[in-house]
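Chain and residue survey
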Amino acid sequence: MGRDVNSSRLETCVAIVCVLIVCGVSEAMSLAGRVTAGVRVNDPGPVAGRLAADPEIGEDDLVLVVWEAALDGRPLGDSADQIRGAGGVPWVHVVFTTPAPLIENIGGLELELARLAAMAGSVDGEVFIQVEWRPETGSLTAADLAYLIKRAAVVVTGAASRAEFAVGPLPADPAFLEWLYVEEVAAYVDVPVLAPTDEAVAAIEALATLDPGKPVAVDAVMWSEAAVFPVAEIAAWAASGASITIIDARSIDTVDPGPLKIAAGELSGELVHDPAADPESAGEAWAFVREDLDLRVVATRAPGERRLRLVFDDRFLRSPELVDAVSGEVRAVTGVARDGGFVVVVNDAPEVALLRLQRPSIDEIDGFDEEIEIAGGRQMPVEEILRRLQAFEDDQARRLEHYQATRTMNLRFQGRQGSIDATYAGEVFFRGESFDWVWSEFFIAGVKWRSRKMPKVPLIQPEKVGSLPVEIRMEKDYEYRLRGADEIDGRDCWIVDFKPVDVPPGASRFQGTVWVDREIYARVRTRAVQVGLEGDVLSNEEIYHFSPVDEAGQPAPWATSSFVLPLTISGQQVFSILNATVPVEVENRLTDIRINGPDWDANRQVALDSDATMLRDTDQGLRYLEAGADGERVVETEFDSSRLFLAGGVLWDESFDYPIPAVGVDYIDLDFKDTGAQLNLLFAGVYTAANISDPDLFGSRWNAGASLNGLFIKTNDELYRDGEVVPEETIRRRTGSLNAFIGRPLGSFLSLELAYRLRHEDFDDADDTADGFILPQDTFTHGIEASVDFNRAGFRLAVGGGTYSRSDWEYWGLPGNSEYTDDQKEYQRWQVTFAKTWWFERFHKIGVSIEHLDSRNTDRFSGYDFGLFGDSTVAGYPTGLVRAEEVNGAHLSGGINVMELIRLNVGIDAVWASNQATGLDNELLAGIGAGGTLTLPWQLLLNFDVGYAIAGPGEGSFAVRAFVLKLFPKS
């Protein structure tokens, strides 16, 4: 013996501090560091009455009453309330019988989970719910058990916020437990349960490593009518690391809970088994240290002995008392001695003795001057945050059967030459994880579509993600990291980042952030970027903004009783469409929400019976709902991706001798011959364009394509030099081009494009061309270009450039022309542009773009132009009037809608152009423009623009463009 007493005392204090740190953080019932007992009975009713009798249960004492309830969904409230009213804590044990493997029997599991939710939701107050899985058929595996544990834990936590979730008895196999905890169940299990077998001790040791600080329960130690209350078994299991020992009293006709209450009172508070304090005894003995350093000792008398002799190392012990484990009577023990330690002798001792021993406080011991500080609080583990979030959403999903609302989707397309928007609106009928959506209103550029039948457009959309973040799944698809806390939308939130563990071929995943309310653990916001995309969608970012509402859709407080729904979903998608990278701002809004309305089925049926355009959310995304042969709506699995438009219009600026009519057809197919290729053919009189592209080249993320463009008439190409137009150097010019493209996304917001351009130009005399003017040679120009686009949150930044070479290039112009040099056969151009459009209510918008264009070795025919087909358009300026080597420009536009009848756009363009050869030195070129969009009868759409130059060489000139489109409907 001879061990240093002060050292022993310090170790004991440190042990207690460790327990306090581990246990003091729990927001529910804390059992780790306690010695707690419960009694398992057949019927809790009779026990509740006896539990209320004397002796009373102390305020800090825990007495658990355990019973098995059939998993039938019937309320538990009465039985639980009776136990709680008597001072005890109810512990309900339910058994799942869904066959294994679970993935093949999900329907049966969901049924049992729904019953569990109903039972847990009927309990108002503290309760333990123990789940055990005894599959009817099949073998229990760690992966299946982990999935069931997570699902059941979330159900219990969501339905009963003050419930503790226990699971087991688990197999008492350390290897199995290790596999189980590899599946990340630690955050979901409040109390692991083991059967009281010889193997359980090793299993408890394994759990102490796998899930440190978690209370372990032993279920259940037998207690028969003839046996003494098994307080020794409670102590033995507590010494082995179990915080809870459940006594099986189901074989006892009339259970007397008195001994259980006495044991609970004596072993209440924070206790630490201290092997160094265990006394020597002829029988077994266990010493537990309280937070005040006093001891509670449980000792068994040796067989055949009437006397109990306990020898302690600690000579500072004093005032031993014996507590009768059955009656609760307390008497002092007078048989004490100090012989190098402390000796306690109890004559006529019971079979199991329960003793109290006091110690002096630390301050009373000479030479002991240790100060221990306990730091309170901790940051909640991310796994626990996820469990509570999943619990909130599981509970809400069980309360929310369906809802009807108005869904409005705004699509805002941003091009390099401007923006256009389309809006679809109508009733949406949501149930489970899918919805039907009626398109009752359609707006193009803010102008309402006047026809009753909505045009069926090809549905370009990101592929559906099969595995969503925060979902409980059999496999681990996502990793999570707690980044901290912040205030979002007025709520104090946890910030949890997520990313996919892996992105399998042919599948996509999300990565991003979820903001979780720290009070009720609902989502406040989610931002997700889709990775692993294929096809014509280059990127997809979604931001969900959640708000609490009541059943009538009115604003509600942030509470577990409210419905927290994503009323606004904003984001951006980037498409590869016909060799162009097209960013689209997407916004969905829910209004007029009616949750669990009694007329939901009837209203949905009315919509299904109508001839309105409808869509359904499926595993493959949105699909049209069409009337089948029997009149019933069916999902359209094969959609005709082609459309034919009638195009007619006129365009004119002062580079044309007369207004140019453009009448023809435009054919577009976004899945040409079911290959995934995109085709567009436009023939409009004097202008022809053809595009073909493959957005998913050879199944890769590369996209490739080609285009052909030609203007069959020649336009005037004037020369502005030293402040005036030189008519004798005006010529006629015609161009056509063939282009090849290849590109790919660089992450979620960057895209790269490489292009080869072949342009043919031919030149002719104009009416005013001087007789001595030498025309440029007709020539082919080869060009290699590269560009990088950044698109995020509606902002667009593009950086690009190219190098070009003419096949033939010789002297041109009047004799003595100093503008021509041989070096201009090859030239380079590069540019940086930035654009952003802000959208407001009722389709109003403001757009701004700025640019810097620069070049080397450019001349009159390769410099930057500002007309209708120019590199930097200035409203009203004719094609070919001004050519620049360097340009800095800014463009401002705005749009308003008048009674949903017409979209009016106004804009102003201002560029500062420089060209050393023609005397331009930051010359201001400015113009104002106005235009609009409106719908006409017969499903015609008119779009027009008028521009007027207000500054610079083109001052006073104007330009006009007007087009009418007619969509030929598809049946």
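Above: the structure in question.
Let me sum up the structure you'll find in this document. Note that this is a predicted model, so its numbers are computed, not measured.

This next bit is on the overall build of the chain. The number of helices and strands found in the chain is 11 helices and 51 strands. Against the globule reference of 30 Å for 971 residues, the chain gives a C-alpha radius of gyration of 40 Å, more extended than a compact globule. Taking the principal axes of the C-alpha coordinates as reference, the chain spans close to 140 × 75 × 45 Å. Expressed as a percentage of the 971 residues in the chain, the buried residues total 52%. Sequence separation of at least 24 residues holds for 63% of the intrachain contacts in the chain that already meet a minimum separation of 6.

Glancing now at the pattern of salt bridges. Where charged atoms from two side chains of opposite charge approach closely, those side chains can pair. As enumerated under the stated definition, the model contains 56 salt bridges in all. Among the salt bridges present, the one from D617 reaches K464, with a minimum N-O distance of 3.0 Å. In this pair, D617 sits in strand β30 (residues 613-618) while K464 sits in the loop between β22 (447-448) and β23 (478-488), placing the two residues 153 residues apart along the sequence. A relative accessible area of 12% means that D617 is categorised as buried. The partly exposed category is assigned to K464, whose relative accessible area is 37%. Notably, a salt bridge pairs R757 with E785, separated by 2.7 Å at the nearest N-O pair. Here R757, found in strand β42 (residues 750-765), pairs with E785, found in strand β43 (residues 779-792); they are 28 residues apart in sequence, far enough to count as distant. Linked through salt bridges whose partners overlap, the residues forming this network are D717, R733, R759, E761, R860 and R883.

Take T423: it is sitting in strand β19 (residues 418-431). Among the polar contacts made by the side chain of T423, one reaches the side chain of N410 at a distance of 2.7 Å. Each residue touching T423, except ones within four places of it in the same chain, is listed here: T408, M409, N410, E441, F442, F443 and F843.

This part is about the nonpolar core. Residues F96, L116, I149 and L180 are the most contacted members of the largest nonpolar core, which totals 92 residues. No other element matches the 11 residues that helix α5 (residues 142-159) contributes to this core. The residues contacting L180, other than those within four sequence positions of it, are A142, L145, A146, I149, L170 and V185.

With that out of the way, let us pick up α5. The terminal C-alpha atoms of α5, which comprises 18 residues, lie 25 Å apart, in line with the 26 Å expected from a rise of 1.5 Å per residue. Counted residue by residue, α5 has 16 buried out of 18 residues, so it is predominantly covered.

Turning next to the packing of aromatic side chains. Tallied over the full model, the rule gives 19 aromatic pairs. Aromatic pair Y403 and F430: ring centres 4.8 Å apart, planes at 15°, arrangement stacked. A residue pair is termed long-range when its members are at least 10 positions apart, and Y403 in strand β18 (residues 402-415) and F430 in strand β19 qualify at 27 residues. Centre to centre, the rings of Y544 and F546 are 6.4 Å apart; their planes meet at 25°, and the pair counts as stacked.

Note: strands within a sheet are paired through backbone hydrogen bonds, in either parallel or antiparallel orientation. Ordered in space as β12-β16-β15, the 3 strands form an open sheet in which the pairing is antiparallel. Each edge of the sheet is formed by a strand with only one pairing partner; in this case those strands are β12 (308-312) and β15 (335-337). Direction aside, neighbouring strands of the sheet carry axes that sit 15° apart on average. Sheet analysis places β15 next to strand β16 (residues 342-346), joined by 3 bridges and oriented antiparallel. Paired with A337 across the bridge in β16 is V343.

Once that is clear, we can look at a negative patch on the surface. Taken together, the side chains of D722, E724, E728, D767 and D768 make up a negatively charged region of the molecular surface. By secondary structure assignment, the location of D768 is in the loop between β42 and β43. You can call D768 exposed: its relative accessible area is 51%.

Let us look at the sheet that holds strand β5 (residues 163-170). What the 8 strands build is a closed barrel, ordered β1-β2-β3-β4-β5-β6-β7-β8; its pairing is parallel. Going from strand to strand, the sheet's axes swing by 30° on average, the running direction of each strand aside. Against the sheet, helix α9 (residues 258-266) contacts β1 (36-40) and β2 (63-68), and its axis sits at roughly 135° relative to β2.

Okay, a nonpolar patch on the surface next. Side chains of F795, W838, F840, I846, L892, I908, I928, Y948, I950 and F958 sit close together on the surface and give an oily, nonpolar patch of about 870 Å² of accessible area. Mapped onto the elements of the fold, F840 is located in the loop between β45 (826-839) and β46 (845-856).

A few words now on the pairing of strand β24 (residues 491-500). In terms of burial, β24 is a largely internal element, 8 of the 10 residues being buried. Note that β23 and β24 share 10 bridges and pair antiparallel. Bridge pairing in β24 places L482 opposite V496. Taking the residues that link successive antiparallel strands as the turn, the β23-β24 hairpin has 2 residues, and the phi of D489 there is positive, at about 50°.

So, on to the packing of helix α2 (residues 44-51) against helix α3 (residues 77-85). Interaxial distance between α2 and α3 falls to 8 Å at its minimum, and their mutual angle equals 20°. Classified by the interaxial angle, the pair formed by α2 and α3 is roughly parallel. α2 and α3 meet at a crossing whose hand is left-handed. Across the interface between the two elements, P44, G45, A48 and L51 of α2 pack against S79, Q82 and I83 of α3. Residue composition of the contact of α2 with α3, grouped by class: 4 nonpolar, 3 polar and no charged.

Where α5 contacts helix α6 (residues 174-182), the two axes come as close as 9 Å, and the packing angle between them is 55°. In terms of orientation, α5 and α6 fall into the oblique class. Every pair of crossing elements has a handedness; the one defined by α5 and α6 is right-handed. Seen from α5, the contacting residues are A142, L145, A146 and I149; seen from α6, they are F176, W179 and L180.

Pairing geometry for β46 and strand β47 (residues 886-898), over 9 bridges, is antiparallel. Each residue of the ladder has a partner; that of I850, found in β47, is A890. Hairpin connection, β47 to strand β48 (residues 902-915): the antiparallel pair is bridged by 3 residues, and M899 has positive phi, about 50°.

Residue P101 follows A100 across a cis peptide bond; omega there is 0°. Here P101 shows up in the loop between β3 (89-96) and α4 (106-121). Located in the positive-phi region is L578, a residue other than glycine, with phi close to 50°. At N579, a residue that is not glycine, the phi angle is positive and equals roughly 70°. When you line up the elements, N579 lands in the loop between β28 (563-577) and β29 (580-595). According to the relative accessible area criterion, N579 is buried, its value standing at 12%.

Relative to the assigned elements, V330 resides in strand β14 (residues 330-332). Residue classification places V330 among the partly exposed residues on the basis of a relative accessible area of 36%. Along the backbone, V330 and L354 are 24 residues apart, and their C-alpha atoms lie at a distance of 9.7 Å. Discounting chain neighbours no more than four positions away, the residues touching V330 are E321, L322, V323 and R356.

Thresholds applied
Residues numbered from 1 in each chain as written. Predicted model: local features only at pLDDT ≥ 70, side-chain atom pairs only at ≥ 80, totals over all residues. Heavy atoms only, no water. Helix = DSSP H or I, 4+ residues; strand = E, 2+ residues; numbered from the N terminus. Rg over C-alpha atoms; globule rule 2.2 N^0.38 Å. Buried < 20%, exposed > 50% of the residue type's maximum accessible area, 1.4 Å probe, protein only. Contact = heavy atoms within 4.5 Å. Salt bridge = Lys/Arg side-chain N within 4 Å of Asp/Glu carboxyl O. Polar contact = N/O pair within 3.5 Å; in protein donor to acceptor, adjacent residues only side chain to side chain. Core = buried A, V, L, I, M, F, W, Y, C linked by side-chain atoms within 4.5 Å. Expected span 1.5 Å × (residues − 1). Phe/Tyr/Trp six-rings, centres within 6.5 Å; stacked < 30°, edge-to-face > 60°. Pairing = 2+ DSSP bridges. Axes fitted to C-alpha atoms, helices over the stretch in contact; angles between N-to-C directions. Patch = residues over 30% accessible without salt bridge, like charges linked within 9 Å, V, L, I, M, F, W, Y side chains within 5 Å. Areas by Shrake-Rupley, 256 points an atom, 1.4 Å probe, with all protein chains shown as cover. Lys, Arg positive; Asp, Glu negative; His and termini not counted. Charge placed at Lys NZ, Arg CZ, Asp CG, Glu CD. Parallel < 35°, antiparallel > 145°, perpendicular 65-115°, else oblique. Left-handed = near helix turned anticlockwise from the far one by under 90°. Nonpolar A, V, L, I, M, F, W, Y, C, P; charged D, E, K, R; others polar.

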